Amino acid sequence: MEQAKPFCITKRQVWEAYKRVKARKGAAGVDGQTIEAFEEDLEGNLYKLWNRLASGSYFPSPVLRVEIPKGDGRMRPLGIPTVADRVAQMVAKQCLEPELEKHFHPDSYGYRPGKSALDAVGMARKRCWKNDWVLDLDIKGFFDNIDHELMMRAVRTHTEENWVLLYIERWLKAPIEMQDGTQKLPQKGTPQGGVASPLLANLFLHYAFDKWMDREHPDIPFERYADDGVCHCKSEAQAETLRSELIDRLEEVGLELHPEKTKIVYCKDDDRRGDYPCISFDFLGYTFRPRRSKNRWGKYFINFSPAISNKAAKAIRQRVRSWRCHLRSDKALEELSRMFNAIIQGWINYYGRYYQSALYPILRCLDRRLVRWATRKYKRLRGHRRRADQWLQRIAKKQPGLFAHWRLLHATAGR
């Protein structure tokens, strides 16, 4: 019976956690078990997991270490738990998150219900208009350097559930299986890729940064998305002082500001004169810098605002190239739209929110790929790129909803 177990974890909690893990998909862990394989004996697997969680006999498997490329050519380490461990972490997360949400800072945006990266970009945009200077923060190797003792102290502040405390400590100390098959016991950090890691990371920085800022610099507004943050200062001197104090503060909790990626930026526009070396910064896929804008009366002016970053634009172009549309001459145009529309719409939804026109050249490169596809598919268009381009433009005007970006581009051209 559930009531006879030492810990009050219900089968319903495990079932609800599994449904959320399944919706997020994800790769297999060290056991090689995919979600599909886990579902082959779903009832049995969930029962065994519940039984172990509720009895206190649950111990996580090692976390599989994989590396994915970052935009700067380096690799980002990820830790992938098994499907069963992801479900177990989701059980704890669903128990702990509602309590933590009551305390989290309103300007903490990362991995939180009801908040998004675009909310953080929008707030940063407004505050850059009101404040002349920005301290652009980047914490070096944040997820790999979280102090376990400080982490557990923060968790104990917000829950008395013994099973939550027990299992979070076990997840923090779970072995990491490297790509060569060897295992490493972590002395610090939480694997970036675990279900509970984003919540724990937010809790750590809630005390390490958010509350410290409110206490020491209540006059400096900020936006934080996980370990990426922007602080808005009235003067260069204020930004310099904040950077210096933050270096000391983060050292106290075992963290370090990235020396190259952390910088002081002047938010230059028509009303802000002066010549300073750094007048741009990147935040959540957007580059903030002086841009030519038009006001409601049609007059142009220079405005400090965000638009899709070169790094994000390059990543989109690489993704489009990876589709190799020109080799899919067996597909009809409608089939290509079904294959790629959801991804294209996602780009438009995110990068088209602010300074949308910066996205147009990237979307036009997709049309160039479709032109190349047409010259391979149709004999009458072979060797005639211009004719193929005109043919595609005619279809776009007749069926602007066929591809997600066509309505955007051709509505703009029409205006």
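Draft legend 1. A look at the overall build of the protein. In terms of helices and strands, the protein carries 14 helices and 11 strands. Here the C-alpha coordinates of the protein stretch approximately 75 × 60 × 40 Å along the principal axes. Each of the 415 residues in the protein was classed as buried or not, and the buried ones make up 47%. Considering only intrachain contacts with a sequence separation of at least 6, the fraction spanning at least 24 residues in the protein is 67%. Computed over 74 positive and 52 negative side-chain charges, the inter-centroid distance for the protein is 12 Å.

Draft legend 2. Here's a closer look at helix 3 (residues 42-55). The terminal C-alpha atoms of helix 3 lie 20 Å apart, and with 14 residues this matches the ideal 20 Å at 1.5 Å per residue to within 8%. Within helix 3, the full set of buried residues consists of Asn45, Leu46, Leu49, Trp50, Leu53 and Ala54. Take helix 3 and look down its axis: the buried residues cluster within an arc of 150°, on one side only. Against the buried residues of helix 3 lie helix 1 (11-24), helix 2 (35-39), helix 4 (83-101) and helix 7 (162-173).

Draft legend 3. Fine view of the environment of Glu252. Note that Glu252 resides in helix 9 (residues 236-252). Look at Glu252 and you get exposed, because its relative accessible area is 58%. Each C-alpha atom of the pair Glu252 and Leu336 lies 53 Å from the other, and the pair is 84 residues apart in sequence. In this structure the side chain of Glu252 is engaged in a polar contact, spanning 3.1 Å, whose partner is the side chain of Arg249.

Draft legend 4. Just the pairing of strand 10 (residues 286-294), in detail. Inspection of the sheet shows strand 9 (residues 281-283) paired to strand 10 by three bridges, in the antiparallel sense. Across the sheet, the residue bridging to Phe281 is Phe288, located in strand 10. As consecutive antiparallel partners, strand 9 and strand 10 are separated by two residues, and within that stretch Leu284 has a phi angle of approximately 55°, a positive value. Here nine bridges tie strand 10 to strand 11 (residues 300-308), and the two strands are oriented antiparallel to one another. Bridge pairing in strand 11 places Arg292 opposite Ile302.

Draft legend 5. Spatial organisation of the layout of surface pockets. Roughly 260 Å³ of internal volume is contained in the second largest pocket. Together, 19 residues line the second largest pocket, and Arg65, Asp144, Ile176, Pro186 and Lys188 are the ones closest to its centre. Counting residues per element, the ones that place at least two in the lining of the second largest pocket are strand 1 (63-69), strand 2 (75-80) and helix 7. Top contributing element to the lining of the second largest pocket by residue count: strand 2, with three residues.

Draft legend 6. Quick look at the sheet that holds strand 7 (residues 228-233). Strand order in this open sheet of four strands is 6-7-3-8, and the pairing throughout is antiparallel. Because the sheet does not close on itself, it has two edges, and the strands there are strand 6 (222-225) and strand 8 (263-266). Adjacent strand axes in the sheet meet at a mean angle of 15° when their direction is disregarded. As defined by bridge partners, strand 3 (residues 133-138) adjoins strand 7 across six bridges and the pair is classed as antiparallel.

Here is what the cut-offs are and how they apply
- Residues numbered from 1 in each chain as written.
- Predicted model: local features only at pLDDT ≥ 70, side-chain atom pairs only at ≥ 80, totals over all residues.
- Heavy atoms only, no water.
- Helix = DSSP H or I, 4+ residues; strand = E, 2+ residues; numbered from the N terminus.
- Buried < 20%, exposed > 50% of the residue type's maximum accessible area, 1.4 Å probe, protein only.
- Contact = heavy atoms within 4.5 Å.
- Lys, Arg positive; Asp, Glu negative; His and termini not counted.
- Charge placed at Lys NZ, Arg CZ, Asp CG, Glu CD.
- Expected span 1.5 Å × (residues − 1).
- Arc of directions from axis to C-beta.
- Polar contact = N/O pair within 3.5 Å; in protein donor to acceptor, adjacent residues only side chain to side chain.
- Pairing = 2+ DSSP bridges.
- 1 Å grid on protein atoms, 1.4 Å probe; cavity = no way out; pocket = protein on both sides within 12 Å on 5 of 7 lines; lining within 4 Å.
- Points joined across faces, edges and corners; volume = space filled by probe spheres on them.
- Axes fitted to C-alpha atoms, helices over the stretch in contact; angles between N-to-C directions.

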